[in-house]
Amino acid sequence: RNRTAWVGSGATLGELYYAIASRSARLGFPGGVGPTVGVGGHLSGGGFGLLLRKHGLAADHVVDAVVVDAAGRLRDRAAMGEDLFWAIRRGGGGSFGVVLSWKLRLVRVPPVVAVSTVHRPRNQSASALLARWQHVAPALPRDAILRVVLQNQDAQFESLYLGTCAGLVATMARRFPELGMEARDCIEMTWIQSVLYFAFYGTGQPTERLLDRGTKPERYFKGKSDYVTEPMPSHVWESAWSWLLKDGAGLLILDPYGGRMRGVAPSATPFPHRRALYNLQYYGFWFQNGTRATEKHVGWIRGLHREMEPYVSKNPRGAYVNYRDLDLGVNHDDHRGLASYEKARVW
């Protein structure tokens, strides 16, 4: 009735989504795509997913919390004060106290949503589509999100629309006719089914799969992130395709902002990236253990990250705080064995 839920920091997003869906078919939560992500870390860094253009960040929907402060006292929002409550939502985890649990405001979802996946290979004008996407995706109606996954030589355009397939196809025909989305590209389902669709790459997965906490990862992983504030020229995407052909290549994900994200001032919360066009994510995955395999894949992701530097946010270059990128802010000791504040302060 009140559209709220308490959730422990140790729960996963999948467990949260499952619990909501087991109680209501018309409520959801605007969190991330990955069901094994922990709720506490997700909220403390902002947390964004496929509902962000309609509802903003996951942390925007935190209305209370229970924190253990430095003296070991339990503090709710009233007791901790608004400054600390401001900081724990999007300010980065591990700095302000131990957050035991969060009170969330849930969001209404329609009885039917539409999902779509459209593949466009490099040799079918994918670079031109990407260049155009940068202008279209952040300006779509708030009920629509169109993200892109780049892997090998394929651009995968993924859509979630809070309405019917007819509405999604009509919106894309009007706003992005170059993509050529057709009715056969679209599927209607419930919101919780859409969570499973994007988490596990297709239909037919049981809701119980959201309860798998993923405690035995089978691969190694590194992630980096950027924010893009001005559209990149077409030649940058051509260069990115060549990187995706290299030995050790991973993938890129482009998540558009706009919509509700622009309705909050960047200084109103500890999350300063709301005016970005999109978030650019670099992923490296590998299965073999050993220094050589690690250097190959980590070298790829670092190299592409360096190449993108002229085209992403600057002064300062932005990054999503929830990507624990150890390349950033490493403060190597000097010859006396002392760390330098001057080196560290840039981060």
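Remember, it's a predicted structure, so these values are computed and weren't measured experimentally. (Residues numbered from 1 in each chain as written. Predicted model: local features only at pLDDT ≥ 70, side-chain atom pairs only at ≥ 80, totals over all residues. Heavy atoms only, no water.)

1. Let's talk about the packing of aromatic side chains
Inspection of every chain in the model, using the stated rule, returns 15 aromatic pairs. Plain terms: the ring middles of Tyr-227 and Phe-271 are 6.5 Å apart, the flat faces sit at 85° to each other, and that makes the pair edge-to-face. Taken as a pair, Tyr-227 in strand 11 (residues 220–228) and Phe-271 in the loop between strand 12 (251–256) and strand 13 (278–286) lie far apart in primary sequence, 44 residues in all. Assigned by exposure class, Tyr-227 and Phe-271 land together as buried. An aromatic cluster is present here, built from Phe-48, Phe-221, Tyr-227, Tyr-257, Phe-271, Tyr-283, Phe-285, Tyr-320 and Tyr-323 joined pairwise through their rings. (Phe/Tyr/Trp six-rings, centres within 6.5 Å; stacked < 30°, edge-to-face > 60°. Helix = DSSP H or I, 4+ residues; strand = E, 2+ residues; numbered from the N terminus. Buried < 20%, exposed > 50% of the residue type's maximum accessible area, 1.4 Å probe, protein only.)

2. What to know about the layout of surface pockets
As a volume, the largest pocket reaches approximately 2,000 Å³. Along the wall of the largest pocket there are 50 residues; nearest its centre are Gly-34, Val-37, Arg-219, Tyr-283 and Phe-285. Of all elements in the fold, only helix 2 (39–44), strand 8 (144–151), strand 9 (154–161), helix 8 (191–200), strand 11, strand 12 and strand 13 reach the threshold of two or more residues within the lining of the largest pocket. Considering only residue class, the lining of the largest pocket consists of 21 nonpolar, 18 polar and 11 charged. (1 Å grid on protein atoms, 1.4 Å probe; cavity = no way out; pocket = protein on both sides within 12 Å on 5 of 7 lines; lining within 4 Å. Points joined across faces, edges and corners; volume = space filled by probe spheres on them. Nonpolar A, V, L, I, M, F, W, Y, C, P; charged D, E, K, R; others polar.)

3. Considering the nonpolar core
With 55 residues, the main nonpolar core has Phe-29, Trp-102 and Leu-104 as its most contacted residues. No other element matches helix 8, which puts 8 residues into this core. If sequence neighbours within four positions are ignored, Phe-29 has contacts with Leu-16, Tyr-17, Ile-20, Leu-43, Leu-51, Ala-58, His-61, Leu-104, Arg-105, Leu-106, Val-107 and Trp-191. One finds Trp-133, Leu-168, Trp-241 and Trp-300 within the second-largest nonpolar core, a separate group that totals 43 residues. (Core = buried A, V, L, I, M, F, W, Y, C linked by side-chain atoms within 4.5 Å. Contact = heavy atoms within 4.5 Å.)

4. A word on the sheet that holds strand 3 (residues 62–68)
Pairing in this open sheet of 4 strands is antiparallel, and the strands run 1-5-3-4 from one edge to the other. The open sheet has two edge strands with one neighbour each: strand 1 (4–8) and strand 4 (74–75). (Pairing = 2+ DSSP bridges.)

5. Topic: the state of the cysteines
Applying the stated rule across the entire model yields 1 disulfide. Here Cys-165 engages in a disulfide with Cys-186; their sulfurs sit 2.2 Å apart. What sets the handedness of the Cys-165 and Cys-186 disulfide is the S-S torsion sign, and at about -90° it is left-handed. With Cys-165 in helix 7 (residues 165–175) and Cys-186 in strand 10 (residues 186–189), this pair connects stretches of sequence that are 21 residues apart. Look at Cys-165 and you get buried, because its relative accessible area is 12%. A relative accessible area of 10% means that Cys-186 is categorised as buried. (Disulfide = S-S within 2.5 Å.)

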